[in-house]
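Residues per chain are reported as follows:
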Amino acid sequence: MTSIFNPEANYILEDDQVLLRPLKADDFENLLPFALNEPDTWGFSLTSAKGHDGMRNYIDAALKARESGKEYPFIVYDKKTGQYAGCTRFYDIQPQYESLQLGYTWYGEKFRGTGLNKHCKFLLLQFAFETLNMKRVEFRADARNERSIAAMKSLGCKVEGILRSHAPIEDGTRRDSIILSILQPEWEQEVRERLKAKL
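Basis of the calculations
Residues numbered from 1 in each chain as written. Predicted model: local features only at pLDDT ≥ 70, side-chain atom pairs only at ≥ 80, totals over all residues. Heavy atoms only, no water. Helix = DSSP H or I, 4+ residues; strand = E, 2+ residues; numbered from the N terminus. Polar contact = N/O pair within 3.5 Å; in protein donor to acceptor, adjacent residues only side chain to side chain. Pairing = 2+ DSSP bridges. 1 Å grid on protein atoms, 1.4 Å probe; cavity = no way out; pocket = protein on both sides within 12 Å on 5 of 7 lines; lining within 4 Å. Points joined across faces, edges and corners; volume = space filled by probe spheres on them. Nonpolar A, V, L, I, M, F, W, Y, C, P; charged D, E, K, R; others polar. Expected span 1.5 Å × (residues − 1). Bend = angle between axes of the 7 residues up to and from the residue. Buried < 20%, exposed > 50% of the residue type's maximum accessible area, 1.4 Å probe, protein only. Contact = heavy atoms within 4.5 Å. Core = buried A, V, L, I, M, F, W, Y, C linked by side-chain atoms within 4.5 Å. Salt bridge = Lys/Arg side-chain N within 4 Å of Asp/Glu carboxyl O.

Asker: Can you walk me through the side chain of T88 in this structure?
Answerer: Mapped onto the elements of the fold, T88 is located in strand 4 (residues 83-94). Separated by 2.6 Å, the side chains of T88 and T105 make a polar contact.

Asker: What am I meant to see in the sheet that holds strand 3 (residues 72-78) here?
Answerer: Backbone-to-backbone hydrogen bonds join strands into a sheet, with any given pair of strands oriented parallel or antiparallel. Here eight strands make up an open sheet; going across it, the order is 1-2-3-4-5-6-8-7 and the pairing mixed. On the outer flanks of this sheet lie strand 1 (13-14) and strand 7 (158-168), each paired with one strand and no other. Note: strand 3 against strand 4, seven bridges, orientation antiparallel. Residue pairing in the sheet places D78 in a bridge with Q83 of strand 4.

Asker: Help me understand the layout of surface pockets, please; the structure alone is not making it clear to me.
Answerer: Sizing a probe to match a water molecule and rolling it over the atoms shows the empty space that remains. Volume-wise, the largest pocket comes out at about 1100 Å³. Taken together, 41 residues form the lining of the largest pocket, with T105, W106, N145, R147 and S148 sitting closest to its centre. Residue assignment for the lining of the largest pocket shows that the elements contributing at least two residues are strand 5 (99-107), helix 3 (116-131), strand 6 (136-142) and helix 4 (146-155). For the lining of the largest pocket, the leading source of residues is strand 5, giving seven residues. In terms of residue class, the lining of the largest pocket is built from 16 nonpolar, 15 polar and 10 charged. Here the second largest pocket is characterised by a volume of approximately 170 Å³. Forming the walls of the second largest pocket are W42, G43, S45, L46, T47, S48, K50, R144, I169, E170 and D171. Here the residues of the lining of the second largest pocket sort into three nonpolar, four polar and four charged.

Asker: Looking at this structure, I do not really get helix 5 (residues 184-198). What am I missing?
Answerer: Across its 15 residues, helix 5 extends 20 Å between first and last C-alpha, which sits within 8% of the 21 Å expected from 1.5 Å per residue. Along its length, helix 5 shows its largest kink, about 50 degrees, at V191. Inspection of helix 5 places Q184, E186, W187, V191 and L195 among the buried residues, and these make up the whole buried set. Where helix 5 is buried, its residues contact helix 3, helix 4, strand 7 and strand 8 (174-183).

Asker: Can you walk me through the nonpolar core in this structure?
Answerer: Counting residues in each nonpolar core, the largest one holds 56 residues, and the members touching the most others are L20, L31, M55, F90, L125 and F139. Here F139 is in contact with L102, K121, L125, M152, L155, C157, I178, I179, L180, S181 and I182, once residues within four sequence places are set aside.

Asker: Mind showing me how you'd approach the environment of G161 here?
Answerer: With respect to the helices and strands, G161 occurs in strand 7. With 53 residues separating them along the chain, G161 and G108 place their C-alpha atoms 29 Å apart. Aside from chain neighbours lying at most four places away, what touches G161 is S177, I178 and I179.

Asker: I would appreciate a short explanation of unusual backbone geometry in the present structure.
Answerer: Most peptide bonds take the trans configuration, and most residues that are not glycine carry a negative phi. Positive phi, close to 50 degrees, is recorded for Y104, a residue that is not glycine. Here Y104 shows up in strand 5. At S165, a residue that is not glycine, the phi angle is positive and equals roughly 45 degrees.

Asker: I'm lost on the pattern of salt bridges in this one. Help?
Answerer: Two side chains of opposite charge can pair, provided their charged atoms sit close to one another. Counted by the stated rule, this structure contains 12 salt bridges. Here E71 and R89 are joined by a salt bridge, their closest N and O atoms 2.6 Å apart. Here E71, found in the loop between helix 2 (51-67) and strand 3, pairs with R89, found in strand 4; they are 18 residues apart in sequence, far enough to count as distant. Classification of E71 as buried rests on a relative accessible area of 12%. Of the residues examined, R89 reaches a relative accessible area of 4% and is grouped as buried. Across the pair K158 and E186 runs a salt bridge whose closest N-O atoms are separated by 3.4 Å. Of this pair, K158 sits in strand 7 while E186 sits in helix 5, and the two are 28 residues apart along the sequence. Of the residues examined, K158 reaches a relative accessible area of 46% and is grouped as partly exposed.

This is the structure:
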């Protein structure tokens, strides 16, 4: 069975701790405080949402990519605090190859290290492998971003390699990007239960 991804569907993922729903244009107000008050959030990101215009452009670009079927952005709502916590998305979605990337993930400072990310990743991976029937989920990060890489490895991601001088970053230099992945058999045989035990 091939992927059944539908870019026009209203996918909502949730458990007792977190809710992920499709990003909307009016989520600008929910996310603007992060853009204004926590500019370091995007220090390792290829796409910054710093400042008023940065967040507006970030959301507009994400919604445009969803319309094209290339990406599917979610806003993250923390049920424990009753607050919006950040964003994440599926991108580089390739139904013909039954693969996608999971990334553009960021959370406000108070939501980091709370376990929120593991709940989000479990829901996203479960949906990708068990509902969309993806065979491969890929992750990328700045090779210097030790916190992000450690988090991905803790999920069960396997390192595949480094893309050298992969992309330009804000300071005018270029970053190396690390590639990690989880395959459907790995999810079914090991990763799902290991991650579930950490929730």
